[in-house]
Amino acid sequence: RLEDGIRRERELLAGILGKADYVIDTSNLLTRELKTELERIFVDNEGYNSLMVSVLSFGFKNGIPQDADLVFDVRFLPNPFYIDELKTRTGLDAEVRDYVMGSPEAGEFLDHITGLLDFLIPGYVKEGKYKLVVAIGCTGGKHRSVTLAEELYKRMHNRGQYGLTLSHRDVAKAGK
């Protein structure tokens, strides 16, 4: 059985994990992201921190991501879906971003999330957590969640000594 194989592998690697100087979870890393992380550690001699923070946008209509550690719901923000000129665009487009971020609550929400993550991340690092998935959801995963994930990523980039990735699970599915 697959489960038995995975359990056996974990047992075999448990001793090695305890002796490792560096643990980099590559499960969700693109090659370029792994290269950036390795350069940061070994070329730039920056402090190593094993935590990889993944900011992920998603649509609630497609389900909450199973690997999400923290889930934030942004369906309280005005929805660009109901604006004809914005309906077919995504949070990657400036017009949608401007519309979503034009709501004072969007910036205040980002301030709160950023502050919360600034508080939580050192605790996760201290406890040895190596992966943190911060999921931001809206109805379809096309407008509001994409915009807020992009903005959160910008705020967190180069903020701490942890790896950071950004992905949009449902942006291509939305509207289909």
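Residues numbered from 1 in each chain as written. Predicted model: local features only at pLDDT ≥ 70, side-chain atom pairs only at ≥ 80, totals over all residues. Heavy atoms only, no water.

Asks: I'm lost on the packing of helix α3 (residues 94-101) against helix α5 (residues 144-156) in this one. Help?
Replies: The packing of two helices is summarised by the inter-axis angle and the distance between the axes. The N-to-C vectors of α3 and α5 enclose an angle of 85 degrees; their axes lie 9 Å apart at closest approach. In terms of orientation, α3 lies roughly perpendicular with respect to α5. For the pair α3 and α5, contact is made by Val96, Arg97, Val100 and Met101 and by Arg144, Thr147, Leu148, Glu151 and Lys154, respectively. (Axes fitted to C-alpha atoms, helices over the stretch in contact; angles between N-to-C directions. Helix = DSSP H or I, 4+ residues; strand = E, 2+ residues; numbered from the N terminus. Parallel < 35°, antiparallel > 145°, perpendicular 65-115°, else oblique. Contact = heavy atoms within 4.5 Å.)

Asks: Looking at this structure, I do not really get α5. What am I missing?
Replies: Residues three or four positions apart in an α-helix share a direction because the helix packs 3.6 residues into each turn. Between its terminal C-alpha atoms α5 stretches 18 Å, which fits the 18 Å expected from 13 residues at 1.5 Å a residue. For α5, the buried fraction is high: 10 of the 13 residues fall into the buried class. Residues of α5 that are buried include every one of Arg144, Ser145, Val146, Thr147, Leu148, Ala149, Glu150, Glu151, Leu152 and Met156, and no others. For α5, the secondary structure elements touched by its buried residues are β1 (52-59), α3, α4 (104-126), β3 (131-138) and β4 (163-168). (Expected span 1.5 Å × (residues − 1). Buried < 20%, exposed > 50% of the residue type's maximum accessible area, 1.4 Å probe, protein only.)

Asks: How do you make sense of the packing of aromatic side chains when you look at a structure like this?
Replies: Each aromatic ring pair is described using two quantities: the centre-to-centre distance and the angle formed by the ring planes. Following the criterion strictly, the structure yields 4 aromatic pairs and no others. Counting every residue linked through ring pairs, the aromatic cluster contains Phe72, Phe76 and Phe109. The ring of Phe60 carries Arg75 above its face, with NZ or CZ at 3.8 Å from the centroid. Cation over ring: Lys129 sits above Tyr124, and NZ or CZ is 6.0 Å from the ring centre. (Phe/Tyr/Trp six-rings, centres within 6.5 Å; stacked < 30°, edge-to-face > 60°. Lys NZ or Arg CZ within 6 Å of the ring centre and 35° of its normal.)

Asks: Just checking my understanding: could you explain the sheet that holds strand β2 (residues 70-73) for this structure?
Replies: Two orientations exist for strands paired in a sheet by backbone hydrogen bonds: parallel and antiparallel. In space, the 4 strands of this open sheet follow the order β2-β3-β1-β4, with parallel pairing throughout. Of all the strands in the sheet, just β2 and β4 have a single pairing partner and so form its edges. Put simply, the sheet's adjacent strands are angled 15 degrees from each other on average, direction ignored. Lying over the sheet, α5 contacts β1, β3 and β4, oriented at roughly 165 degrees with respect to β4. (Pairing = 2+ DSSP bridges.)

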